[in-house]
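# Fold and geometry: a report
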Amino acid sequence: MISMAATGMIDLHCDTLIFKHKEERSLISLESNISLLKMPPKTKWAQFFAVFILDHLRGQGAKEFFETNCDYFYREMERSKNLVSPCRSFSEIENAFNEGKFAAILTVEGGAVLAGELERVAYLAQKGVKALTLTWNGPNEVCSGHDTDGGITEFGRQAIPELERHGILVDTSHINDRGFEELCLITKKPFIASHSNSRSICKHRRNLTDEHFSEFVRRGGLVGLNYCVNFIKDGGNVTSMDDLYRHIEHFLSLGGEDVLCLGSDYDGAPLPACLDSVEKSLTIYDYLISKGLTHQQADKILFQNAHNFFQKYL
């Protein structure tokens, strides 16, 4: 059970929408996959649900993939409307909480969803998309992921200000170092890394350098802690919550108390046994208290930092 001192939980990333995407969609229930029925009653829980655009999809294929999964998201919201509400603003998130429901926020992982067409930014906003992870591992029309060395494209330099203008959060998770540095010169508003850990603790290129993290601190952004074993510990042999705590401790030493939050990567990555279900995320609170963090610090990581950010920018 969640501790009474914890306000709730906000998670910036899961891939549940495309979980088993090759199977018949009617076989999949968002309700069962994301454990809606296992959460303690009255938990204030907001979850980002990403439409993950695979690297090989481009143009019309990327558009159609988004449409299929976007439609599925809203069908599942209707199916579970007694438990969860799709939210497009901070006020709608608060309304969901006040009604005793969980809040679901639609996002996209992969700038290929824009298909190189600037007008699609406004279209995504109209469909309720509230954050865009600019890339996955490889390149797309906006920028390149950590498997490549390309920077922000000319189209990307036009698209990023449009995302900000339409209220879609810019998400840097997966972007490579060159792209991150160029992004910092383009953006005007704080951005997020929905599911990224520390490269000083785990050397995977997918993780944030100390310099990257300092940009989030300076700009007032958000960094969601990723539960993927390969991004928690070199070699991926995660044996306990202590391995994730090394990232938390390091980020806090860099001034990240108001920046850290959760970005589980549920249904999108191999997870350690201590964090392999949504309800287990709630145990992080008591664990952090046991490590010497204050109740306020623990609550910030699980809930309050993201909640404060949403109030300003969502």
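Everything below is about the structure printed above this text.
Below: a short report on this structure. Keep in mind it's a predicted model, so treat the numbers as computed, not measured.

Glancing now at the overall build of the protein chain. A tally of regular secondary structure across the protein chain gives 12 helices and 9 strands. Relative to its length of 314 residues, the protein chain is compact, with a C-alpha radius of gyration of 18 Å against a globular reference of 20 Å. Projected onto its principal axes, the C-alpha positions of the protein chain cover 50 × 45 × 35 Å. Every one of the 314 residues in the protein chain was classed for burial, and the buried ones make up 61%. Long-range contacts, defined here as pairs at least 24 residues apart, represent 70% of the contacts in the protein chain between residues at least 6 apart. Summed over its atoms, the accessible surface of the protein chain is roughly 12,400 Å², and 50% of this surface lies on carbon and sulfur atoms.

Next up on the list: the packing of helix 9 (residues 241–253) against helix 11 (residues 283–290). At a closest axis distance of 12 Å, the pairing of helix 9 and helix 11 adopts a crossing angle of 70 degrees. As summarised for this structure, helix 9 and helix 11 are arranged roughly perpendicular, according to the angle between their axes. Across the interface between the two elements, Met241, Asp242, Tyr245 and Ile248 of helix 9 pack against Thr283, Ile284, Tyr287 and Leu288 of helix 11. Of the residues that constitute the contact of helix 9 with helix 11, the class distribution is 6 nonpolar, 1 polar and 1 charged.

Bringing the pattern of salt bridges into the picture now. Per the stated rule, a full pass over the model turns up 18 salt bridges. For glutamate 215, the salt bridge goes to arginine 219, with nearest N and O atoms at 2.7 Å. On the criterion of helical spacing, the pair formed by glutamate 215 and arginine 219 is a turn pair, its members being 4 residues apart in helix 7 (residues 210–219). Here the two residues glutamate 215 and arginine 219 agree in accessibility, since each one is buried. Of the charged contacts in the structure, one is a salt bridge between aspartate 258 and lysine 300, with a shortest N-O distance of 2.7 Å. Taken together, the residues aspartate 258 in the loop between helix 9 and strand 9 (260–262) and lysine 300 in helix 12 (residues 295–313) connect sequence positions 42 residues apart. What makes lysine 300 buried here is its relative accessible area of 14%.

So, how was this worked out
- Residues numbered from 1 in each chain as written.
- Predicted model: local features only at pLDDT ≥ 70, side-chain atom pairs only at ≥ 80, totals over all residues.
- Heavy atoms only, no water.
- Helix = DSSP H or I, 4+ residues; strand = E, 2+ residues; numbered from the N terminus.
- Rg over C-alpha atoms; globule rule 2.2 N^0.38 Å.
- Buried < 20%, exposed > 50% of the residue type's maximum accessible area, 1.4 Å probe, protein only.
- Contact = heavy atoms within 4.5 Å.
- Areas by Shrake-Rupley, 256 points an atom, 1.4 Å probe, with all protein chains shown as cover.
- Axes fitted to C-alpha atoms, helices over the stretch in contact; angles between N-to-C directions.
- Parallel < 35°, antiparallel > 145°, perpendicular 65-115°, else oblique.
- Nonpolar A, V, L, I, M, F, W, Y, C, P; charged D, E, K, R; others polar.
- Salt bridge = Lys/Arg side-chain N within 4 Å of Asp/Glu carboxyl O.

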